[in-house]
Amino acid sequence: MITDNHGRRVNYLRLAVTDRCNLRCFYCMPEDGLNWLSRAELMSYEEMLRSCALLVKMGIEKIRITGGEPFVRKDIMKLLSGLSKLDGLKELSMTTNGVLTAPHVAEMKALGIKSVNLSLDTLDANRFFTITRRDEFAKVMATLDELLKHDIEVKINAVVMDGKNTQDILPLVELTKDLPVSVRFIEEMPFNGDGASNRGLQWDYVRILDEIKDKFPGIQKLTDPAFSTSYNYDIPGHKGSVGIIAAYSRTFCGTCNRIRITPQGTLKNCLYDDGVLNIKDLMRSGLSDNEIEKNLLNAFNHREKNGWVAERMRVEKTGVHESMATIGG
Ligand code: SAM
């Protein structure tokens, strides 16, 4: 079991397998994309499996594969298959934009993937194009169908953006009437990859909830599962549920159980930090698993208290505004 220096249990790893993406969501990366990592900079699947096996042995119980877009990395199903066999791993899940996902859903189900986060900010094909700069709405909806057909739990993640998709909040909530999906609205975070300064958050979790309450006054708070990053709600008569993730307001750091590894192997103790070590470099320098474990334990013993402190430290040190595609969301 891993416990950090603030007494928080760490049992959840988000592993970003690539920085590349087939969408260009304006809040995530510039239209021309990023300076993509070279193959040598990326962790290989063997390195990912070795890191995950070690972390699972140490106490990680849940791994979520993310990106960039996981399905643009070649042979991603091979990695998933390897991870699904790790002894001690209780849950393997994915975050995807759904563009290339539908043909893989049956195999994902067979590997034991029970839950998928599908990013979808609007139910309007034109607005989808404006936000993502790609005409792929139909493929994402096909993935949603396929996931539901295979009885995979779906959480739809929608970033709420002032002036861009706030008219989608209620239609997305209405989707939960007939579909057993959890629609989670996410506060927009200052991670657009082009260094643009944050304009200040216009739609925080309180405003998002007020918007929903106006139309659905019967909405009821659910008990949130342990370590939940979302405030969860039920609307009587709806098959699905609604959640709000205060990703910018950072109300959940006190129970944070998650770490991240970026595609180039940087371990992040917090979404907002600058990275605390590079596990790929440790492996490539020939360290044994025991030595790497010591480095990891030392990193977990130096986690920042919350995302505000982590962000301050990062900006003081680097002044850099990252793209979420290099972190994994
Ligand atoms: N490509 C995959 C996808 O779209 O789900 C996984 C990676 S993506 C970076 C993970 C999540 O981060 C997505 O749900 C995306 O909407 C979210 N995200 C990216 N940039 C964000 C930002 N600036 N603020 C809030 N969420 C963001």
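Our subject is the structure listed above.
Residues numbered from 1 in each chain as written. Predicted model: local features only at pLDDT ≥ 70, side-chain atom pairs only at ≥ 80, totals over all residues. Heavy atoms only, no water.

Undergrad: Which residues make up the overall build of the chain, and what are the values?
TA: Scanning the chain from N- to C-terminus turns up 10 helices and 14 strands. A compact globule built from 329 residues would reach a C-alpha radius of gyration of about 20 Å, and the chain, at 19 Å, matches this within 12%. Seen through its principal axes, the chain has C-alpha atoms that stretch 55 × 45 × 40 Å. Expressed as a percentage of the 329 residues in the chain, the buried residues total 53%. Long-range contacts, defined as pairs at least 24 residues apart, comprise 72% of the intrachain contacts of the chain with a sequence gap of at least 6. The distance from the centre of the 44 positive side-chain charges to the centre of the 44 negative ones in the chain is 3 Å. (Helix = DSSP H or I, 4+ residues; strand = E, 2+ residues; numbered from the N terminus. Rg over C-alpha atoms; globule rule 2.2 N^0.38 Å. Buried < 20%, exposed > 50% of the residue type's maximum accessible area, 1.4 Å probe, protein only. Contact = heavy atoms within 4.5 Å. Lys, Arg positive; Asp, Glu negative; His and termini not counted. Charge placed at Lys NZ, Arg CZ, Asp CG, Glu CD.)

Undergrad: Could you give an account of the pairing of strand 8 (residues 182–187), naming the residues involved and the relevant values?
TA: The buried count for strand 8 comes to six of six residues, which makes it a mostly enclosed element. Side chains Ser182, Arg184 and Ile186 project from strand 8 onto one buried face, and the interleaved Val183, Phe185 and Glu187 project onto a second face that is buried too. Since strand 7 (residues 153–160) and strand 8 lie parallel, the crossover through helix 6 (residues 169–178) that links them has a hand, and here it is right-handed. Pairing between strand 8 and strand 11 (residues 241–245): five bridges, direction parallel. Bridge assignment links Ile186 to a residue of strand 11, and that residue is Ile245. (Right-handed = clockwise from strand over helix to strand, strands pointing away. Pairing = 2+ DSSP bridges.)

Undergrad: Could you give an account of the site of the ligand, naming the residues involved and the relevant values?
TA: Neighbouring the ligand are 19 residues; Tyr27, Gly68, Glu69, Ser119 and Met189 lie closest to it. Within the side chain of Glu69, one N or O atom sits 3.0 Å away from a nitrogen atom of the ligand. A distance of 2.8 Å separates a nitrogen atom of the ligand from a polar atom in the backbone of Met189. Protein contacts shield 94% of the accessible area of the ligand, which totals 550 Å² for the unbound molecule. Listing elements by their share of the shell around the ligand, those giving two or more residues are strand 5 (91–96) and strand 7. Its residues assigned to classes, the shell around the ligand shows six nonpolar, 10 polar and three charged. (Near = heavy atom within 4 Å. Polar contact = N/O pair within 3.5 Å; in protein donor to acceptor, adjacent residues only side chain to side chain. Areas by Shrake-Rupley, 256 points an atom, 1.4 Å probe, with all protein chains shown as cover. Nonpolar A, V, L, I, M, F, W, Y, C, P; charged D, E, K, R; others polar.)

Undergrad: I'd love a proper account of unusual backbone geometry, names of residues and values included.
TA: A positive phi is found at Asp75, a non-glycine position, where the angle reads about 60 degrees. Looking at the element boundaries, Asp75 is found in the loop between strand 4 (62–66) and helix 2 (76–84). Positive phi, close to 65 degrees, is recorded for Phe227, a residue that is not glycine. Checked against the element boundaries, Phe227 lands in the loop between strand 9 (220–221) and strand 10 (230–234).

Undergrad: With reference to specific residues and values, describe the sheet that holds strand 8.
TA: Within the open sheet, the 12 strands sit side by side as 9-10-11-8-7-6-5-4-3-12-13-14. Their pairing is mixed. Looking at strand neighbours, the two that pair on one side only are strand 9 and strand 14 (277–278), the edges of this open sheet. Two elements, strand 9 and strand 10, share two bridges in a ladder whose sense is antiparallel. Across the sheet, residue Gln220 finds its bridge partner in strand 10, namely Asp234. Sitting on the sheet, helix 1 (residues 45–58) is in contact with strand 3 (12–16), strand 4 and strand 12 (258–261), with an inclination near 175 degrees to strand 3. Seen against the sheet, helix 2 touches strand 4 and strand 5 and runs at an angle of roughly 175 degrees to strand 4. (Axes fitted to C-alpha atoms, helices over the stretch in contact; angles between N-to-C directions.)

Undergrad: Outline the packing of helix 6 against helix 7 (residues 205–215), listing residues and values.
TA: Put simply, helix 6 and helix 7 touch, their axes get as near as 10 Å, and they point 65 degrees apart. At the point where helix 6 passes helix 7, the crossing takes the right-handed sense. Each of Ile169, Leu170, Val173 and Glu174 in helix 6 lies in contact with helix 7, whose residues at this interface are Glu211, Ile212 and Lys215. Broken down by class, the residue content of the contact of helix 6 with helix 7 amounts to four nonpolar, no polar and three charged. (Left-handed = near helix turned anticlockwise from the far one by under 90°.)

Undergrad: Hey, could you go over the nonpolar core for me, with residue numbers and the actual values?
TA: Membership of the largest hydrophobic core comes to 94 residues, with the highest contact counts inside it found for Ile63, Ile65, Phe185, Ile212 and Leu296. The residues contacting Ile63, other than those within four sequence positions of it, are Leu13, Cys52, Val56, Leu83, Leu86, Leu89, Glu91, Leu92 and Ser93. (Core = buried A, V, L, I, M, F, W, Y, C linked by side-chain atoms within 4.5 Å.)

Undergrad: Tell me about the packing of aromatic side chains, residues and numbers included.
TA: As enumerated under the stated definition, the model contains four aromatic pairs in all. Between Tyr248 and Trp308, the aromatic rings sit 5.7 Å apart at their centres with planes inclined by 85 degrees, giving edge-to-face as the arrangement. With Tyr248 in the loop between strand 11 and strand 12 and Trp308 in helix 10 (residues 307–318), this pair connects stretches of sequence that are 60 residues apart. Above the face of the Trp203 ring, Arg207 is positioned so that its terminal group lies 3.8 Å from the ring centre. Between the NZ or CZ atom of Lys221 and the centre of the ring of Tyr233, over which it lies, the distance is 5.3 Å. (Phe/Tyr/Trp six-rings, centres within 6.5 Å; stacked < 30°, edge-to-face > 60°. Lys NZ or Arg CZ within 6 Å of the ring centre and 35° of its normal.)

Undergrad: Pulling in residues and values, what's your account of the layout of surface pockets?
TA: Each pocket or cavity is described by its volume, and for the second largest pocket that value is around 360 Å³. Arg39, Leu42, Tyr45, Arg73 and Lys74 are, among the 16 residues lining the second largest pocket, the residues nearest its centre. Residues of the lining of the second largest pocket, tallied by class, amount to five nonpolar, two polar and nine charged. (1 Å grid on protein atoms, 1.4 Å probe; cavity = no way out; pocket = protein on both sides within 12 Å on 5 of 7 lines; lining within 4 Å. Points joined across faces, edges and corners; volume = space filled by probe spheres on them.)

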